[in-house]
Structure formats: C-alpha cells, structure tokens
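Residue-level structural notes
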Amino acid sequence: MAKNPNAGTSRKPWWLLGIILIVLSMASSAGVYFLLDSKSEASTETAEEPAEPIKPEPPIFVTVSPFTVNLQSDQYEQRLLYIGLSFKVGDETTREMLEQNMPQLRSRLLLLFSSQHAEGLTTPEGKQALSQQILALFDEPFSDPQPELVVNDVLYTDFIVQ
C-alpha cells in the first residue's frame, strides 16, 4: 500500500492547537484568580478603615467679663484700657478652679493691667508680652493645695486703649 505523504503531518497542527488551548485556558484562569484576589484585598483594606472619623475634643474656654482700668502714661494724661478676656484651658478641673476663684483672678488681672503703659499696649508685640504676663499669673497658686492648672492660651475678646 502506498503511504499518504500528508498522513503524518495532518496530526501535528491538531496536537499543537490542543497545547495552545491548554496554555490559554491556564493563563486566563491565572488572570481571573489574580483579578479576584486583588479585589478581595481592596475590600479588606476599605473594611479596616474606621467607620466614622475621629472628632477632636471641643475646646474649653473660661470667660472673664470685661472691665476698664486706668493705665500709666509717660505724658501724665489719663489713659484707659477696656479689656475682655477668655482663657483656653486644657481640662475641666482647670475650668472649675478658675470659675471658683474668679474674684481672685480678676483682682490679679486688675493689678497687672493697671501697671501697664498705654504706649506699649498699642503694638502687637505689647499685646503678646501682656499675654505672657497674664499666663505667668497662674504660676502663683490660688489655694493650698491646688491641682496643676493647664491654661493654654489668652484670647482677647475686647481690647480698647483710649
């Protein structure tokens, strides 16, 4: 019998086509696996984030009612300071302590303000220096024993030099 010359070569393309199909199916399976895996990682990252943002604690302020004091002047003329203050405090204990000792605090502030010169208070540097002097008033205790006072800032609500 005569051999057909195309009989051996016709099987190779089908065999090669089968291998290509297997490789393509493996590649697509690997692609789907990595795609689904990356989506699950992204969903776990979003699930780990806190549900609600952290809110900062509201600041605590102690308000000192405004008052008027006479100021010293180099020209020996009458100068007045009308001032209102608020203190930013760090905790409730400090707020309660200042409110309980408000007459003492107002007396200390009155003595400090009346010793100031009008010319120095009209500049921003003078106001900053006055803030530092006010904060230094809290170094002297109001009572014995006294918890540590946490006064963070002096805020001017009214400030008129006349």
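About the cut-offs
- Residues numbered from 1 in each chain as written.
- Predicted model: local features only at pLDDT ≥ 70, side-chain atom pairs only at ≥ 80, totals over all residues.
- Heavy atoms only, no water.
- UniProt positions renumbered as here; feature names shortened; annotations may be inferred.
- Helix = DSSP H or I, 4+ residues; strand = E, 2+ residues; numbered from the N terminus.
- Contact = heavy atoms within 4.5 Å.
- Areas by Shrake-Rupley, 256 points an atom, 1.4 Å probe, with all protein chains shown as cover.
- Phe/Tyr/Trp six-rings, centres within 6.5 Å; stacked < 30°, edge-to-face > 60°.
- Buried < 20%, exposed > 50% of the residue type's maximum accessible area, 1.4 Å probe, protein only.

Looking at an unreviewed UniProt entry, one finds the protein named Flagellar protein FliL, with Modicisalibacter xianhensis as its source organism. The UniProt entry for the protein carries the following comment under Sequence similarities (unreviewed entry): "Belongs to the FliL family." Quoted verbatim from the Function (unreviewed entry) heading of the UniProt record, the comment on the protein is "Controls the rotational direction of flagella during chemotaxis."

Looking at the overall build of the protein
The secondary structure content of the protein amounts to five helices and three strands. In sequence order, the secondary structure elements of the protein are arranged as α-β-β-α-α-α-α-β. Sequence-distant contacts, at least 24 apart, represent 74% of the contacts inside the protein between residues at least 6 apart. Element-wise, carbon and sulfur atoms account for 59% of the exposed surface of the protein, whose accessible area totals about 11900 Å².

So, the UniProt feature "transmembrane region" (unreviewed entry) in the protein
Per the UniProt record, "transmembrane region" (unreviewed entry) is annotated on residues 14–36. In residues 14–36, the share of helix is 100% and the share of strand is 0%. The end C-alpha atoms are 33 Å apart.

Brief notes about the packing of aromatic side chains
Tallied over the entire structure, the rule returns five aromatic pairs. Aromatic side chains phenylalanine 87 and phenylalanine 138 sit 5.2 Å apart centroid to centroid with 90 degrees between the ring planes, which places their arrangement in the edge-to-face category. With phenylalanine 87 in strand 2 (residues 79–89) and phenylalanine 138 in the loop between helix 5 (124–136) and strand 3 (151–161), the pair connects residues that are 51 residues apart, well separated along the chain. With relative accessibility at 9%, the residue phenylalanine 138 sits in the buried group. A ring pair is formed by phenylalanine 138 and phenylalanine 142, whose centres lie 6.4 Å apart and whose planes are at 65 degrees; its orientation type is edge-to-face. Judged on exposure class, the residue phenylalanine 138 and its partner phenylalanine 142 are both buried. Grouped by ring-pair contacts, the aromatic residues Phe87, Phe138 and Phe142 constitute a single cluster.

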